[in-house]
Amino acid sequence: AQSVAQPEDQVNVAEGNPLTVKCTYSVSGNPYLFWYVQYPNRGLQFLLKYITGDNLVKGSYGFEAEFNKSQTSFHLKKPSALVSDSALYFCAVRALSGANNLFFGTGTRLTVIP
Amino acid sequence: DSGVTQTPKHLITATGQRVTLRCSPRSGDLSVYWYQQSLDQGLQFLIQYYNGEERAKGNILERFSAQQFPDLHSELNLSSLELGDSALYFCASSGTDRAGEKLFFGSGTQLSVL
């Protein structure tokens, strides 16, 4: 089976400070990992993905994520948070079946405080 | 705008009723995915279609069914509705079924079962 866990329901960070949203995964074999963001009253939007290669993945809106195989983690990071980054963030893993459907974590609500 | 269109945006109905949710994928996308988002269960994968054929099945109840038509739009049919079916239903699409391809999400249909 495959799954991801987001241990924090809520993360608060001051504007201009670095932010981290945590994700750990459980997958047999090589994981395909993703981050999506959901703004209020909107669908999810793709931020970035890790399939293979460099452990540091850069994505949209200045976000990046670090794949750590030994810790089975894929934390989302940004050097300097903006108020507009406030949203719901989902980590996801691709199904093992070979299809492209994703299994999502429970989500982490990020609030950036002005 | 993701290019994925879902109708209706809101749907209010009564227990025991049947409803149909519609999704038009991005132009040219062959794969359609349905997800259910609720407060207690998070974002759950329901079913995926690729070029008219069922590709993967998730936590979809027997009371629910879906199909993808020759013009690639998809419909999710929910019958014998229960209070617990109240949720936000998302459709997503991708160009193909290749692993790692990002999903484009619609804005969702908010279903309220009273």
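Coordinates for the structure precede this section.
Residues numbered from 1 in each chain as written. Chains lettered and ligands numbered in written order. Predicted model: local features only at pLDDT ≥ 70, side-chain atom pairs only at ≥ 80, totals over all residues. Heavy atoms only, no water.

### Observations concerning the pattern of salt bridges
Residue and element names in this part refer to chain B.
Step number 1: In total, this model carries 8 salt bridges over all chains according to the counting rule given.
Step number 2: R55 is the partner of D97 in a salt bridge, and the nearest nitrogen-oxygen pair spans 2.4 Å. Here D97, found in the loop between β9 (87-94) and β10 (104-105), pairs with R55, found in strand β6 (residues 53-57); they are 42 residues apart in sequence, far enough to count as distant. (Salt bridge = Lys/Arg side-chain N within 4 Å of Asp/Glu carboxyl O. Helix = DSSP H or I, 4+ residues; strand = E, 2+ residues; numbered from the N terminus.)

### Brief notes about the environment of V4(B)
All names here are of chain B.
Step number 1: Within the secondary structure layout, V4 lies in the segment before β1 (5-7).
Step number 2: The exposure class of V4 is buried, given its relative accessible area of 6%.
Step number 3: In this structure V4 touches C23, S24, R26, C91, S93, F104, F105 and G106, once residues within four positions along its chain are discounted. (Buried < 20%, exposed > 50% of the residue type's maximum accessible area, 1.4 Å probe, protein only. Contact = heavy atoms within 4.5 Å.)

### Side note on the state of the cysteines
Step number 1: Under the definition given, this model contains 2 disulfides over all chains.
Step number 2: Paired by a disulfide, C23(A) and C91(A) hold their sulfur atoms 2.0 Å apart. Here the disulfide of C23(A) and C91(A) is left-handed, its torsion about the S-S bond being about -65°. Taken as a pair, C23(A) in the loop between β3 (19-21) and β4 (24-26) and C91(A) in strand β10 (residues 87-94) lie far apart in primary sequence, 68 residues in all. For the pair formed by C23(A) and C91(A), the shared burial category is buried.
Step number 3: Each disulfide pairs two cysteine sulfurs, and for C23(B) the partner residue is C91(B), the sulfurs being separated by 1.8 Å. Because the sign of the S-S torsion sets the handedness, a value of about -55° for the bond joining C23(B) and C91(B) places this disulfide among the left-handed ones. Taken together, the positions of C23(B) in strand β3 (residues 19-24) and C91(B) in strand β9 put the pair 68 residues apart, joining distant regions of the chain. One exposure class covers both C23(B) and C91(B), and it is buried. (Disulfide = S-S within 2.5 Å.)

### A few points about the interface of chain B and chain A
Step number 1: Tallying the contact residues gives 21 residues for chain B and 19 residues for chain A.
Step number 2: Surface buried jointly by chain B and chain A totals about 1,600 Å² across both partners, of which 57% is contributed by carbon and sulfur atoms.
Step number 3: Our count for the contact surface shared by chain B and chain A stands at 0 salt bridges.
Step number 4: For the interface between chain B and chain A, the tally reads 4 residue pairs in polar contact (both at pLDDT 80 or more).
Step number 5: Breaking the side of chain B that touches chain A down by element, the ones donating at least two residues are β4 (31-38), β5 (42-50), β6 and β9 of chain B. (Buried area = accessible area lost by both parts, 1.4 Å probe. Polar contact = N/O pair within 3.5 Å; in protein donor to acceptor, adjacent residues only side chain to side chain.)

### A few points about the pairing of strand β2 (residues 10-14) of chain A
All names here are of chain A.
Step number 1: Burial along β2 is one-sided: the face carrying V11 and V13 is buried and the face carrying Q10, N12 and A14 is not.
Step number 2: Relative to strand β12 (residues 108-113), β2 runs parallel, the two sharing 5 bridges. In the strand pairing of β12, V13 is matched with V112. (Pairing = 2+ DSSP bridges.)

### Points about the sheet that holds strand β7 (residues 64-68) of chain B
Whenever strands of a sheet pair, they do so through backbone hydrogen bonds, lying parallel or antiparallel.
Residues and elements named next belong to chain B.
Step number 1: An order of β1-β3-β8-β7 is seen for the 4 strands of this open sheet, with the pairing classed as antiparallel. Strands with a single pairing partner mark the edges of an open sheet, and in this sheet they are β1 and β7. Across this sheet, the average inter-strand angle for adjacent strands is 15°, counted without regard to direction.
Step number 2: Bridge count for β7 against strand β8 (residues 74-78) is 5 bridges, and the pairing is antiparallel. (Axes fitted to C-alpha atoms, helices over the stretch in contact; angles between N-to-C directions.)

Such coordinate-based values are descriptive only and should not be taken to indicate function.
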